[in-house]
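# Examination of the molecular architecture
Here's the letter readout for the chains.
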Amino acid sequence: MKLKLQINQVIKDAFFKAGIDEEPMSVTNATKSAFGDYQFNGAMALSKKLSKNPREIASQIIESLDLSGILCKAEIAGPGFINLWMNPLWIAEQCQIALGDERLDIGKTKTPNRVVVDYSGPNMAKQMHVGHLRSTIIGDTLASLLTFLGDEVIRQNHIGDWGTQFGMLIAYLEEIGEDGSVSLKDLEQFYKDAKGRFDVDPSFADKAREYVVKIQSGDSHCLELWQKFIDISLGHCEEIYEKLSVNLTREDVRAESFYNDELPKVVADLASNGTLKESNGAQCVFLEGDEIPVIVQKGDGGYLYATTDLAALRYRAKTLEAKRISYVVDARQAGHFKQVFRVAKESGFVGEDVHLEHVGFGTMMDKNGKPFKTRDGGTVKLIDLLDEAVVKAKETIKNKEDYSDSEINALAKIIGIGAVKYADLSINRESNYIFNWDKMLSFEGNTSLYMQYAYARIQSIFRKYDDEIKGEIIIGDDLEHRLALMLLRFEDVLTRAARDASPHQITSYLYELATLFMRFYEQNPILKSDVDEETKMSRLLLANLTAKTIKQGLALLGIEVVDKL
Ligand code: ARG
């Protein structure tokens, strides 16, 4: 249910009826329940245009307003605001419809886009780090959300699998032989060992350099070694995807190397466009107003990160025919994307109608506000971090007697991984993010555990009441009214979160919803003996819709619910 759209339509109809030939601005959520459910603030803006007093315009609108359907009451407030009350009968009816629908009456867009979501993008030469964790979690949510709302999503894992360091790595892999896969387990260490060999042994270093040239010229032995290295390395990433239940597969990998053959063409096409200038031997694009040029080819003929991204942009726009391309990448790469987007558009690699966006995110910090590192200053291995989340989750729930060991293990996984994901998704993605175990594994506050707890609490009501639920939703009091209205706002929230590529709008909503439900539940007991049958049914239905909404919301964030907690 696109709630706002419906209310805006009522206002539009009133404008038409009142003979106001203007497009009304959108209503906003009322800031207090004393101000109704929504507010229309458009009368003030019209006052100048129509040279009329805003209160006069407001009353003219109200006179033409249909108060027999969605809305039931409208009042002028202050200098010309209109406070709007929703009709409880209508709200109840809509909740009923949502309850009877698998998708909770959430529509699919009538104008689906093909969207490329570029996320995760780990570098094969190194261990995946916390930045890639954020990209993976946020990107996966964005992809699920857009898919749910009806877009056609193509996931692209732009892994870093090319560059001079691979000469050294595969020379080392060859040297340690077949068992390479074992020591490769710790990529950080593998890299250090290879580098150690490179630094002390000139013949090894020569071989490494020779291998760089050989891979680039397509030597089959070197390419085989390289492929082996990439396979093992990608396998490590897939372990992490698996633990995170992230929907990324090998099919989604379009590695940097995939674009190799395109790179000379990118440069040649830029040259024939007349966009290219030589500067200190390098081929550059100078963008108007930008001091630093985009280098697309170095003096020695080598290509750069930007060249590959230009090739990828062209592929995504022209071959995949995407209309929106979202890059879920560290905010520190904002400058890079701003530039390549501009070059891509100005050179016609990407059509004007394609929406390019950098979905940037902040750095993960430790409790003290320092970049996230292990105690000894090393990089935190993601796999360890995720395992620790599960261990910590287990501690949180270990004193639950009515669970078997295997149930506790399964539960710990859901809670631990859910906590890591939710904590990441629940802050404005552009902010730096402080990683705090205690906070993310708390039952209090805006956490996954709080949401999972609210859900389980509702399920426990249904365990106690196992009769058939018949009857309908009747909005009895203000809290019920607010809860029902909140439930109907779900689609509006999802649509905005998708538009802004901003999952924290979903978590904020879920938190508000769960908090409201808890209050509702405390004030309006459901199964007490003095509650009459009609009210009981209505409240059970509202509770059920709340649970379904929480479950759906968390599912979009890639987080599971449990029936008992
Ligand atoms: N591998 C890159 C990094 O670790 C991220 C890739 C992002 N995607 C892209 N098309 N540039 O920084």
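Reference entry: report on the structure contained in this document. (Residues numbered from 1 in each chain as written. Predicted model: local features only at pLDDT ≥ 70, side-chain atom pairs only at ≥ 80, totals over all residues. Heavy atoms only, no water.)

### Concerning the overall build of the protein chain
- Of regular secondary structure, the protein chain possesses 21 helices and 13 strands.
- Seen through its C-alpha atoms, the protein chain measures out along the principal axes to roughly 85 × 70 × 40 Å.
- Residues classed as buried in the protein chain amount to 52% of the 565 residues present.
- For the protein chain, the share of sequence-separated contacts (at least 6 apart) that also reach a separation of at least 24 residues comes to 72%.
- Roughly 26,300 Å² of accessible area belongs to the protein chain as shown, and the carbon and sulfur atoms make up 49% of that amount.
- Positive and negative side-chain charges in the protein chain, numbering 68 and 85 respectively, have mean positions lying 3 Å apart. (Helix = DSSP H or I, 4+ residues; strand = E, 2+ residues; numbered from the N terminus. Buried < 20%, exposed > 50% of the residue type's maximum accessible area, 1.4 Å probe, protein only. Contact = heavy atoms within 4.5 Å. Areas by Shrake-Rupley, 256 points an atom, 1.4 Å probe, with all protein chains shown as cover. Lys, Arg positive; Asp, Glu negative; His and termini not counted. Charge placed at Lys NZ, Arg CZ, Asp CG, Glu CD.)

### Comments concerning the site of the ligand
- Taken together, Asp118, Gly121, Asn123, His132, His158, Tyr305, Asp309, Tyr327, Val329, Gln333 and Phe337 make up the full set of residues adjacent to the ligand.
- Within the backbone of glycine 121, one N or O atom sits 2.8 Å away from a nitrogen atom of the ligand.
- Separating a nitrogen atom of the ligand from a side-chain N or O atom of asparagine 123 is a distance of 2.7 Å.
- Contact with the protein chains covers 89% of the free accessible surface of the ligand, which is 350 Å².
- For the shell around the ligand, the elements supplying multiple residues, two or more each, are α12 (305-319) and β10 (324-330). (Near = heavy atom within 4 Å. Polar contact = N/O pair within 3.5 Å; in protein donor to acceptor, adjacent residues only side chain to side chain.)

### Side note on the pairing of strand β5 (residues 114-118)
- Burial of β5 is extensive: four of the five residues sit out of reach of the surface.
- Alignment of β5 against strand β6 (residues 152-156), held across five bridges, turns out to be parallel. Its bridge partner lying in β6, valine 116 is registered against isoleucine 154.
- With helix α5 (residues 130-148) bridging β5 and its parallel neighbour β6, the resulting β-α-β unit is right-handed.
- With four bridges joining them, β5 and β10 adopt parallel strand pairing. Residue valine 117 lies in a different strand from β10, and its bridge partner there is serine 326. (Pairing = 2+ DSSP bridges. Right-handed = clockwise from strand over helix to strand, strands pointing away.)

### Details of the pairing of strand β3 (residues 71-77)
- Here β3 pairs with strand β4 (residues 81-86) via six bridges, running antiparallel. Bridging from a neighbouring strand, leucine 71 pairs with methionine 86 of β4.
- Count of turn residues in the β3/β4 antiparallel hairpin: three residues, of which glycine 78 carries a positive phi of about 50°.

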